[in-house]
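Residue strings, one per chain:
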Amino acid sequence: MNFNPLDFPACLEFPLWLEETAWAEHIPFAMFLAAAARPRIFVELGSFRGVSYCAFCQAVNFSKTGTQCYAVDTWQGDAHAGLLEESALTKLKAHHDPLYADFSCLVRATFDEALEHFAEASIDLLHIDGFHTYEAVKRDFETWLPKMSKSGIVLFHDTNVRERDFEVWKFWAEVKATRPHLEFLHGHGLGVLAVGEEVPNALKFLFEADSDAISLIRAFFYQLGSRIEAVKTLRVQQNYIESLQTYERVVKNSRAMRIYRIIKEEGFKSLRKKSFGNPNQDR
Ligand SMILES: C[S@@+](CC[C@H](N)C(=O)[O-])C[C@H]1O[C@@H](n2cnc3c(N)ncnc32)[C@H](O)[C@@H]1O
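Everything quoted here is computed from the prediction, not taken from an experiment. (Residues numbered from 1 in each chain as written. Predicted model: local features only at pLDDT ≥ 70, side-chain atom pairs only at ≥ 80, totals over all residues. Heavy atoms only, no water.)

Undergrad: Which residues make up the sheet that holds strand β5 (residues 104-108), and what values go with them?
TA: Taken in spatial order, the seven strands make up an open sheet running β5-β2-β1-β6-β7-β9-β8, and their pairing is mixed. Each edge of the sheet is formed by a strand with only one pairing partner; in this case those strands are β5 and β8 (181-184). For this sheet, the mean angle separating the axes of adjacent strands, direction not counted, is 15°. Bridge analysis of strand β6 (residues 123-128) against strand β7 (residues 148-157) gives five bridges, and the strand direction is parallel. Bridged to L126 within β7 is V154. Along the sheet, helix α5 (residues 134-144) makes contact with β1 (41-45), β6, β7 and β9 (190-194), crossing β6 at roughly 170°. (Pairing = 2+ DSSP bridges. Helix = DSSP H or I, 4+ residues; strand = E, 2+ residues; numbered from the N terminus. Axes fitted to C-alpha atoms, helices over the stretch in contact; angles between N-to-C directions. Contact = heavy atoms within 4.5 Å.)

Pasting the structure below:
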């Protein structure tokens, strides 16, 4: 197998942007892919809090690939990912713009609306991570396929999720049948598909690997990804603990709790003697 990870140090970078996401374990591969494929144009369909997208941008910056990057999303969320609060995009912009605005653009639109802004055969790397029903992923792939260049690579997230009506696995089984491909099974599954007739040289090993080599490639990127997943889980738990502590403080200082303490410690009658200020404040 012709793959030396030390040729692509981007894959060892720790992500600067790590929010709640199901994508964390694929960040090392995303960073490797950006560095190895050196796409001229990268488009992501479905960015949510921007974790996968910012990983690509970080690698583009780190490896100086000269890629133009576009994230397309309504930033409303959906029934699978959950609804997104308006502040999520504001937060993402505050991280993204100072670092990446020179070469990257957050496009607030539906995938269909964004299509017309891209020339035919212009996109080298496309990441499809929108709605995950069979119909939605098939439509995303088929409508964007004419935009893919001769050396085009398409990524599909969630190829290994078999719950609710997630059906990327079903479309992946069809679409991979006639094209060079590799699938990572960890991190909910990530399908890598070569859709053009010219596979970039640095990526050929992915598609030519035998079963032993595939196991090694999977293990390598899984190992790198799992440390990022561990840090993400820790941060999510820390945030949860902090919000519980804030809630506890609010409840402890509330009017209802002060009344409860007085009743408990001094009896019901003593309540009448105390004043609690404006009942519309501090509930
Ligand atoms: C699974 S999330 C993306 C996760 C993201 N890649 C990450 O790193 O965590 C899917 C996103 O796709 C967006 N989406 C789904 N269908 C869409 C459509 N037709 N047009 C625009 N955005 C869409 C949702 O708003 C949601 O933010």
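Undergrad: Give a description of the site of the ligand that names residues and reports values.
TA: Not every one of the 20 residues close to the ligand is listed here, only the nearest: T21, S52, D73, G77 and D129. Here an oxygen atom of the ligand and a side-chain polar atom of T21 are 2.6 Å apart. With respect to the ligand, the side chain of S52 contributes an N or O atom lying 2.9 Å from a nitrogen atom. Protein chains shield 88% of the accessible area of the ligand, which is 600 Å² for the free molecule. With respect to the pocket detection grid, the ligand is positioned in the largest pocket. When contributions to the shell around the ligand are tallied by element, the ones reaching two or more residues are α2 (51-63) and β3 (77-78). (Near = heavy atom within 4 Å. Polar contact = N/O pair within 3.5 Å; in protein donor to acceptor, adjacent residues only side chain to side chain. Areas by Shrake-Rupley, 256 points an atom, 1.4 Å probe, with all protein chains shown as cover. 1 Å grid on protein atoms, 1.4 Å probe; cavity = no way out; pocket = protein on both sides within 12 Å on 5 of 7 lines; lining within 4 Å. Sits in = over half its atoms within 2 Å of the grid points.)

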